[in-house]
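Fold and contact review
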Amino acid sequence: MTIRVLSPLEAARIAAGEVIERPASVVKELIENSLDAGASRISVEVREGGLALIRVVDDGCGIPPHELRLAFERHATSKLASEADLQRIETLGFRGEALPSIAAAADVEIVSRVPDSMEGRRLLFEAGEAVEEGPEASPPGTSVTVRGLFRRQPARLKFVRSPAAEAGHIATVVSRYALAYPEVQFTLRIDGRVALQAPGTGDPRDAAAAVYGPRLAGALVTLRPEADLDALGIALAGLIAPPDVTRASRADVSLFLNRRWVRNRSLTFAVEEGYQGQLLSGRHPLAIVHLRLPPDEVDPNVHPTKAEVRLRREREVLGVVRDAVRATLARLSAARAVAPATPPPQDPASVGSGDTRKREELRLASPAYQSTLAPSGGDETARREAGARLPVLRPVGQVGALYIVAESPEGMCLIDQHAAHERVLYERFLDAVERKRPDSQPLLAPEPVELTARHRALVAEYLDELRAQGYDLEPFGDDGVWALRALPSAVAGRDAGRSLTELLDLLEREEGMDDRRHRVAASLACHAAVRAGQTLSDAEMRELIEALEACRMPRTCPHGRPTMLHLRSDDLAREFRRR
């Protein structure tokens, strides 16, 4: 086999394959060039999934006429001046590969005009070669039109999906940059129809409304870290969805690092860890997270698409993101509690000393208490996220030995007794671990428990966490028997051996929790919680409700299922046609 040097055109097409994977890659590279050029308006038009036509028009700084041809030379860039600039990359593009790669894969027409020039310049490429160049009337900025993508590369064309699927990928790219740059007006037209219109107001919630719709955008919560991050050189902002707004995949966890959309599994998992115990198994959150770090601590020069990055302080950054999401959701859990109705003015001191519940209701409704819930000023978003607690609930009965019916100051609540008890036990188990004082019940005599190989592996993996919850067990012989000497008080009174194996089965099925302590606590809470179909006395219902009221996050069980459903008095009156 003879060795030969590839022709420049062959080399360009091979290199283009690393940068231009599909039509969406072209859109991404051209949008990044527009943003680096300081554009405030970017219009994207595609036809037939981008294979027939891609046009990106911006109002940026433009390209001087004498540099237009140079812009299509490989590794020609205005964004790096020296090797040292690679250590502090502050632009979206920097390799000088996008335009020549696109020209190698399609026919390209570019028209550009700098603001202080009277006319623009047009350059046409076909099959990677410049075939026409001359003056052209145009507004300030740059317009790039790409036609016949992969037409001369049938091998690549075979792997392109349907036009609808490719258009979907393009919409995803434009949506991400609309979220990353809310001050830029984005317009996307697919086959002549406006598919996305971001207003460019600078408000992240307006950009989210353009991408996800105004209703969902209105439900998003501002991400607010509790700690001061300035000393760490980290800035964190964004919007996250409440736990009941979920997705089937992680595609809607949008991460922006120094305003660049990035793929980073660790950062994505850090966001999900912030939702620990609040998401249903197999469901994922919706989040828009903006991180800013010093440029010299980020390396985007990892992959040709520049989507993957390395972080110098990855562990520290992950902890910041996780803690910020967790703190924001904790505030949200309180803020979403049902606000108590405001009764006629009455002095709590005038209520009889025996009517404790009435006194508490008046205290919750008092202006002094309400003033502690709402921040000063008229910021509606801040008011919506202000801390609050569950209203005082009075149990009145049980439905189907499954739901507790409770009266609230402003209506009625249906409480899932199993989910509510799960939440109560889950937080107690975690608190016991933090205090290092498990509530354990010793057995009168050690009980031998025969474990399968699968169960033995689980015990070995989670032994420290099980002991932290009150289990005392150790191997007994070589035939898979373990001696159980103590177990948590929450499961005392049951068949000890069966209780342990049932817990291990739950632990094996538990998904969505990477933290081992949370995983064991959630499994144990599910195992120990009151069952559906179990009749509760009035005292038991009251005790469960009061314990739920004391929880930090009473609205969901550890697996993300709601613990209660609230029916407001206004809704009930409307259903009964009383108003």
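These lines cover the structure that appears in this document, whether it is placed above or below. (Residues numbered from 1 in each chain as written. Predicted model: local features only at pLDDT ≥ 70, side-chain atom pairs only at ≥ 80, totals over all residues. Heavy atoms only, no water.)

Moving on to the side chain of R176. Residue position: R176 is located in helix α5 (residues 163-180). For the buried R176, which has no salt bridge, the nearest side chain bearing the opposite charge is D252, at an N-O separation of 7.6 Å. Those residues in contact with R176 that sit more than four places away from it in its chain are F256 and W261. (Helix = DSSP H or I, 4+ residues; strand = E, 2+ residues; numbered from the N terminus. Buried < 20%, exposed > 50% of the residue type's maximum accessible area, 1.4 Å probe, protein only. Lys, Arg positive; Asp, Glu negative; His and termini not counted. Salt bridge = Lys/Arg side-chain N within 4 Å of Asp/Glu carboxyl O. Contact = heavy atoms within 4.5 Å.)

So, about the environment of D439. As for its position among the elements, D439 is in the loop between α13 (417-435) and β21 (440-450). Residue classification places D439 among the exposed residues on the basis of a relative accessible area of 53%. Residues D439 and Q469, spaced 30 residues apart in sequence, show a C-alpha to C-alpha distance of 7.2 Å. Once you skip the residues sitting within four places of it in the chain, D439 turns out to touch Q469, L487, P488 and S489.

Tallying each qualifying case throughout the model produces one aromatic pair. The positively charged end of R176 is found above the aromatic ring belonging to W261, 3.7 Å away from the centroid. (Phe/Tyr/Trp six-rings, centres within 6.5 Å; stacked < 30°, edge-to-face > 60°. Lys NZ or Arg CZ within 6 Å of the ring centre and 35° of its normal.)

In this section: unusual backbone geometry. Although it is not a glycine, D191 adopts a positive phi angle of roughly 50 degrees. Looking at where D191 falls in the secondary structure, it is placed in the loop between β7 (185-190) and β8 (193-198). Even without glycine at this site, R259 takes up a positive phi of about 70 degrees. Within the secondary structure, R259 sits in the loop between β12 (253-257) and β13 (260-261).

Once that is clear, we can look at the sheet that holds β21. One key point about sheets: their strands pair by backbone hydrogen bonds, in either a parallel or an antiparallel sense. What the three strands build is an open sheet, ordered β21-β23-β22; its pairing is antiparallel. One side of each edge strand has no neighbouring strand; the edge strands of this open sheet are β21 and β22 (472-475). Strand-to-strand, the axes of this sheet are offset by a mean angle of 15 degrees, without reference to chain direction. The pairing of β21 with strand β23 (residues 481-488) spans seven bridges and is antiparallel. The residue bridging P442 from the neighbouring strand is A486, located in β23. (Pairing = 2+ DSSP bridges. Axes fitted to C-alpha atoms, helices over the stretch in contact; angles between N-to-C directions.)

Attention now moves to the pattern of salt bridges. Side chains that carry opposite charge are capable of pairing whenever their charged atoms lie near each other. Summed over all chains, the structure comprises 26 salt bridges. With a shortest N-O distance of 2.9 Å, K28 and E32 are connected by a salt bridge. Of the two residues, K28 and E32 both sit in helix α2 (residues 23-36), four residues apart, roughly one turn of that helix. Each member of the pair K28 and E32 is classed as buried. Its salt-bridge partner being R517, residue E434 comes within 3.0 Å of it at the nearest N-O pair. With E434 in helix α13 and R517 in helix α16 (residues 516-528), this pair connects stretches of sequence that are 83 residues apart. Take E434: its relative accessible area is 56%, and that puts it in the exposed class.

Next up on the list: the sheet that holds strand β20 (residues 411-416). Pairing within the open sheet is antiparallel, and its four strands lie in the order β18-β19-β20-β24. Across the chains shown, the open sheet's two edge strands, defined by having one partner strand only, are β18 (394-399) and β24 (564-568). Strand-to-strand twist across the sheet, computed as the mean angle between neighbouring axes with direction ignored, equals 25 degrees. Bridge count for strand β19 (residues 403-408) against β20 is six bridges, and the pairing is antiparallel. Opposite V405, over in β20, you have L414 as the bridge partner. Across the sheet, α13 lies against β18, β19 and β20, angled at about 75 degrees from β20, the strand it touches most. Together, β18, β19, β20 and β24 form the strand contacts of helix α17 (residues 538-549), whose direction differs from that of β18 by roughly 115 degrees.

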